[in-house]
Amino acid sequence: MKETSNQQLAVELLQEFGLKEYEAGCFVALSRRPQGTAKDISETSDVPRTRVYDAIRVLEAKGLVEIQHSNPKQFRAVPIDEALQTLRAEYEERAEALRQALEGLDPAESPDQTEITHEVWALSGRAGIETRVQQLIDDADEEIVFVVGHEDILTEELLGELAAASDRGVNVAVGTQETAALEGLDERLPEIETFVSGLEWLGHSAFPDDDTEIGRLLLVDNSAILVSSFTPDSHGDRTHERAVFGRGFDNGLVAIVRRLMAGGLRSKAAN
């Protein structure tokens, strides 16, 4: 049963990389054996035997399958690492082509179009939020203050981005709710200031019916902020992450968060 579950998951993930269902099914079936015929592939997957050959031709063209012209023909999948490298390269090529196409779009004319200096936007989903966080860190010129509500947000990728910002001369400070979450950070990121936040409301709300948990607070150059939160499900597990992003030094939301975070920094300095 476990093998069936993993096989179905692999097929679904390959489809997300652009393969069609039968193509993904054939590749997964071949990945389970050293080599096989069309009959073997069909018996190991949900792909009809009459459709195997068309799927194999596409996989061969993509560099994912090799063919031995014997009687009957034998097929085998390329090694997993090689397949992943091929799929990743194709995915990145598509992403770059999409970026160029989007950047090349002619702007829609608008008589009331003006430059936006103050904005507030809502974001949803951890992947999108992490991408926006990365963009904000990359755009920082002077200072980054990052207060983390949950230590699992401090991923290796995020720490690398903060270290890169510090290396280019940006002042970086990282705060958490508990001292334990900072263990080892000083050694791994010696140029980054770390502190225990004085923002007590990060961990709990003053309202008894409010179970929202703050995920992260990011302040960049005192003019851009991102605040995210989680709402626990019925089992107490954190679920979907949502965030609010604001820009503009005089933006009301940015000003409020800036003062709240400054208060937290003053609290830790006083301690």
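Because the structure is a prediction, the values reported are computed rather than measured.

What counts as what
- Residues numbered from 1 in each chain as written.
- Predicted model: local features only at pLDDT ≥ 70, side-chain atom pairs only at ≥ 80, totals over all residues.
- Heavy atoms only, no water.
- Core = buried A, V, L, I, M, F, W, Y, C linked by side-chain atoms within 4.5 Å.
- Buried < 20%, exposed > 50% of the residue type's maximum accessible area, 1.4 Å probe, protein only.
- Helix = DSSP H or I, 4+ residues; strand = E, 2+ residues; numbered from the N terminus.
- Contact = heavy atoms within 4.5 Å.
- Patch = residues over 30% accessible without salt bridge, like charges linked within 9 Å, V, L, I, M, F, W, Y side chains within 5 Å.
- Areas by Shrake-Rupley, 256 points an atom, 1.4 Å probe, with all protein chains shown as cover.
- Salt bridge = Lys/Arg side-chain N within 4 Å of Asp/Glu carboxyl O.
- Pairing = 2+ DSSP bridges.
- Polar contact = N/O pair within 3.5 Å; in protein donor to acceptor, adjacent residues only side chain to side chain.

A. Quick look at the nonpolar core. Counting 28 residues, the largest nonpolar core has Val133, Ile144, Leu158, Leu162, Val172, Leu218 and Leu226 as its most contacted members. For this core, the secondary-structure elements that each account for two or more residues are helix H6 (126-139), strand S4 (143-148), helix H7 (156-167), strand S5 (171-176), strand S7 (213-220), strand S8 (224-232) and strand S9 (238-247). Excluding anything up to four places from it in sequence, Leu226 contacts Leu123, Ile129, Arg132, Val133, Leu136, Arg216, Leu217, Leu218, Ala243, Val244 and Phe245.

B. Fine view of a nonpolar patch on the surface. On the surface, Leu98, Leu102 and Leu105 cluster together into a nonpolar patch covering about 310 Å² of accessible area. In this fold, Leu98 is placed in helix H5 (residues 80-103).

C. The pairing of strand S2 (residues 74-77), seen in detail. The sheet contact formed by strand S1 (residues 65-68) and S2 spans four bridges and is antiparallel. When the sheet's bridge partners are listed, Gln68 is paired in S2 with Gln74. The turn linking S1 back onto S2 is made up of five residues.

D. Broad picture of the side chain of Gln7. Within the fold, Gln7 resides in helix H1 (residues 2-16). Note on Gln7: relative accessible area 14%, which makes it buried. In terms of polar contacts, Gln7 uses its side chain to reach the side chain of Arg32, at 2.4 Å. Each residue touching Gln7, except ones within four places of it in the same chain, is listed here: Val28, Arg32, Thr44 and Ser45.

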